[in-house]
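Here is what each chain is made of, one letter per residue.
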Amino acid sequence: DYNMLENIRAKVTIRNLLGKVITEYDLHKNEKQIKIPTVQFDPGIYFYSLSINGKSVKAKKLIVDHR
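Just so you know, these numbers come straight off a predicted model, no measurement behind them. (Residues numbered from 1 in each chain as written. Predicted model: local features only at pLDDT ≥ 70, side-chain atom pairs only at ≥ 80, totals over all residues. Heavy atoms only, no water.)

**Student:** Outline the sheet that holds strand β1 (residues 10–15), listing residues and values.
**Tutor:** With antiparallel pairing, the four strands of this open sheet are ordered in space as β2-β1-β3-β4. Here the strands that pair on one side only, and so sit at the sheet edges, are β2 (21–27) and β4 (55–64). With direction set aside, neighbouring strand axes in the sheet form an average angle of 20 degrees. Relative to β4, strand β3 (residues 44–52) runs antiparallel, the two sharing nine bridges. Its bridge partner being in β4, Tyr48 is matched across the sheet by Lys60. (Pairing = 2+ DSSP bridges. Helix = DSSP H or I, 4+ residues; strand = E, 2+ residues; numbered from the N terminus. Axes fitted to C-alpha atoms, helices over the stretch in contact; angles between N-to-C directions.)

Shown next, in the form of structure tokens:
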């Protein structure tokens, strides 16, 4: 979930352990939530980062396990 109070360029980038970009999602002011379909990813560890106006502001780990 997210809430943007102004028009900014924001996106979520997902990378694999080697740093290769797997996918990117642009965030839009008129939306309030992003859903990432992890079923398309191989099981494993990924990292996602939030960028605002081209600057990374937050990064976290994402574990995908299709059990």
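**Student:** Requested: an account of the confidence of the model for the protein, with residues and values cited.
**Tutor:** The share of residues in the protein with pLDDT of 70 or more is 100%, and the mean pLDDT across the chain is 91. Summarising per-element confidence for the protein, the mean pLDDT is lowest in β4 (93) and highest in β1 (96). (pLDDT = per-residue confidence, 0-100.)

**Student:** Describe the packing of aromatic side chains, with residues and values.
**Tutor:** Applying the stated criterion across every chain, the model contains one aromatic pair. Measuring from centroid to centroid gives 5.2 Å for Phe41 and Tyr46, while their planes differ by 35 degrees, and the two rings are tilted. Classification of Phe41 as buried rests on a relative accessible area of 4%. Assessed through its relative accessible area of 8%, Tyr46 is described here as buried. (Phe/Tyr/Trp six-rings, centres within 6.5 Å; stacked < 30°, edge-to-face > 60°. Buried < 20%, exposed > 50% of the residue type's maximum accessible area, 1.4 Å probe, protein only.)

**Student:** I'd like a description of unusual backbone geometry, backed by residues and values.
**Tutor:** Despite not being glycine, Asn53 shows a phi value in the positive range, around 50 degrees. With respect to the helices and strands, Asn53 occurs in the loop between β3 and β4.

**Student:** Describe a nonpolar patch on the surface, with residues and values.
**Tutor:** A contiguous nonpolar surface patch, about 390 Å² in accessible area, is contributed by Leu17, Ile45, Phe47 and Ile63. Exposure remark for Phe47: the relative accessible area of 39% places this residue in the partly exposed category. (Patch = residues over 30% accessible without salt bridge, like charges linked within 9 Å, V, L, I, M, F, W, Y side chains within 5 Å. Areas by Shrake-Rupley, 256 points an atom, 1.4 Å probe, with all protein chains shown as cover. Salt bridge = Lys/Arg side-chain N within 4 Å of Asp/Glu carboxyl O.)

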